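Analysis of the macromolecular model
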Amino acid sequence: MNTRDTSQILQTAARLAVDEGMDWGAAKRRALHELGLPARTPLPDNLRMEDAVREHIALFHAQTQPRELRALRELALAWMVRMQAFRPYLGGAVWRGTATRRNDVVISLFCDDPKSAEIALINLQIPYEPHTVIGLRGEPVEALGIRAQACGAGDEAWVHLLIYDVDDLRGALRADARGRLPRGDIAAVRRLLDDAPSGTLAP
């Protein structure tokens, strides 16, 4: 694949990820379709995708994204505290700092009993929608979707609680190629909020 194709894929996929809230993998595959490239065209890795997403945000959403990101992180923290008995870790775009109001909050729970988090929501009389997502190793994982208020990031946002076994926690914290953790606990999210003023773009 030539450099021009790679650049076009990244630019198109970044636009889809930021402006439509698409998952990065889906955004890259849609980019191939929009650009008329063969389905077997090699896709850029997620590190390059992240760079393209940050560049798109800086160019087109620098005035609004920091406020939306902060609102989503505050929403995430509120739900992590509420579900702290189940070892919550924030991941996805909200953790990475690339989220806008189009993105969902993704929180992984590491439970001794896979049904315990769902029972807790029932006891709290919180409506939720069960569904299945792709997990840490590409396997299907049960998730609980909740519609919640996120002031500053639109009227509502989805919070997805992904249900893992407690033994999956160690593998969930492997650093990426740049030495960064793929998700963070309550203390880490609090540090993000303390360190990032609402008017600046998160690194």
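Quick word on the overall build of the protein
For the protein, the helix and strand inventory stands at 7 helices and 5 strands. For the protein, the α and β elements follow one another from N to C terminus as α-α-α-α-β-α-β-α-β-β-β-α. Relative to its length of 203 residues, the protein is compact, with a C-alpha radius of gyration of 17 Å against a globular reference of 17 Å. With the C-alpha coordinates of the protein rotated into their principal frame, the extents come out at 55 × 40 × 30 Å. Classification of the 203 residues of the protein by burial places 45% in the buried group. Taking all contacts inside the protein whose residues are at least 6 apart in sequence as the whole, residues at least 24 apart take part in 63%. For the protein, the exposed surface amounts to about 11000 Å²; the carbon and sulfur share of it is 50%. Of the charged side chains in the protein, 26 are positive and 27 negative, and the gap between their average positions amounts to 4 Å.

Topic: the layout of surface pockets
In this structure, the largest pocket spans a volume of roughly 1600 Å³. Lining the largest pocket are 49 residues, and of these G91, G92, A93, R96 and R183 sit closest to its centre. Those elements that provide at least two residues to the lining of the largest pocket are α1 (3–20), α2 (24–35), α3 (46–60), α5 (92–96), β2 (105–111), β3 (129–134), β5 (156–165) and α7 (186–195). Ranked by the residues each element gives to the lining of the largest pocket, the list is headed by α3, at 5 residues. Its volume calculated, the second largest pocket comes out at about 180 Å³. In terms of lining residues, the second largest pocket is bounded by S7, L10, Q11, T12, A14, R15, A52, E55, H56, L59 and F60. Mapped onto the lining of the second largest pocket, the elements with two or more residues apiece are α1 and α3.

Let's talk about the packing of α1 against α3
Relative to each other, α1 and α3 sit at 60 degrees, their axes nearing to 8 Å. Considering the relative orientation of α1 and α3, their crossing is right-handed. Across from T6, L10, A13, A14, R15, A17, V18 and D19 in α1, the residues of α3 making contact are R48, M49, A52, V53, H56 and I57. The class makeup of the residues in the contact of α1 with α3 is 9 nonpolar, 2 polar and 3 charged.

Quick notes on the packing of aromatic side chains
For the structure shown, the criterion picks out 2 aromatic pairs. On the numbers, 5.9 Å between centres and 85 degrees between planes, the contact of Y89 with F110 is edge-to-face. Note that Y89 is positioned in strand β1 (residues 88–91) and F110 in strand β2, a separation of 21 residues in sequence. Ring centres of F110 and Y164 lie 5.4 Å apart, and the angle between their planes is 15 degrees; on these two criteria the pair is classed as stacked. With F110 in strand β2 and Y164 in strand β5, this pair connects stretches of sequence that are 54 residues apart. Comparing F110 with Y164, the two get one shared label, buried. Ring pairing ties together the aromatic residues Y89, F110 and Y164, which thus form one cluster. Cation over ring: R82 sits above W79, and NZ or CZ is 4.6 Å from the ring centre. Note that R96 overlies the ring of W24, its terminal NZ or CZ placed 3.9 Å from the centroid.

Some details on the nonpolar core
By size, the foremost hydrophobic cluster in this structure holds 34 residues, and its most contacted members are W79, L90, V105, I107, L109, V159 and L161. Elements with a minimum of two residues in this core: α4 (65–82), α5, β2, α6 (116–123), β4 (140–149), β5 and α7. Apart from the residues lying within four places of it in its own chain, the contact partners of L90 are A76, M80, W95, V105, V106, I107, P182, R183, G184 and V189. With 17 residues, the next largest nonpolar core counts A27, A31, L32 and V53 among its residues.

Digging into the pattern of salt bridges
Counted under the stated rule, the structure contains 14 salt bridges. With a shortest N-O distance of 2.8 Å, E34 and R15 are connected by a salt bridge. One end of the pair, E34, is in helix α2; the other, R15, is in helix α1, with 19 residues separating them in the sequence. Residue R15 is classed as partly exposed on the basis of its relative accessible area, which comes to 31%. If you follow the salt bridges from partner to partner, you end up with R15, E20, R30 and E34 in one network.

Rules behind the numbers
Residues numbered from 1 in each chain as written. Predicted model: local features only at pLDDT ≥ 70, side-chain atom pairs only at ≥ 80, totals over all residues. Heavy atoms only, no water. Helix = DSSP H or I, 4+ residues; strand = E, 2+ residues; numbered from the N terminus. Rg over C-alpha atoms; globule rule 2.2 N^0.38 Å. Buried < 20%, exposed > 50% of the residue type's maximum accessible area, 1.4 Å probe, protein only. Contact = heavy atoms within 4.5 Å. Areas by Shrake-Rupley, 256 points an atom, 1.4 Å probe, with all protein chains shown as cover. Lys, Arg positive; Asp, Glu negative; His and termini not counted. Charge placed at Lys NZ, Arg CZ, Asp CG, Glu CD. 1 Å grid on protein atoms, 1.4 Å probe; cavity = no way out; pocket = protein on both sides within 12 Å on 5 of 7 lines; lining within 4 Å. Points joined across faces, edges and corners; volume = space filled by probe spheres on them. Axes fitted to C-alpha atoms, helices over the stretch in contact; angles between N-to-C directions. Left-handed = near helix turned anticlockwise from the far one by under 90°. Nonpolar A, V, L, I, M, F, W, Y, C, P; charged D, E, K, R; others polar. Phe/Tyr/Trp six-rings, centres within 6.5 Å; stacked < 30°, edge-to-face > 60°. Lys NZ or Arg CZ within 6 Å of the ring centre and 35° of its normal. Core = buried A, V, L, I, M, F, W, Y, C linked by side-chain atoms within 4.5 Å. Salt bridge = Lys/Arg side-chain N within 4 Å of Asp/Glu carboxyl O.

Function-wise, these values are silent; they only describe arrangement.
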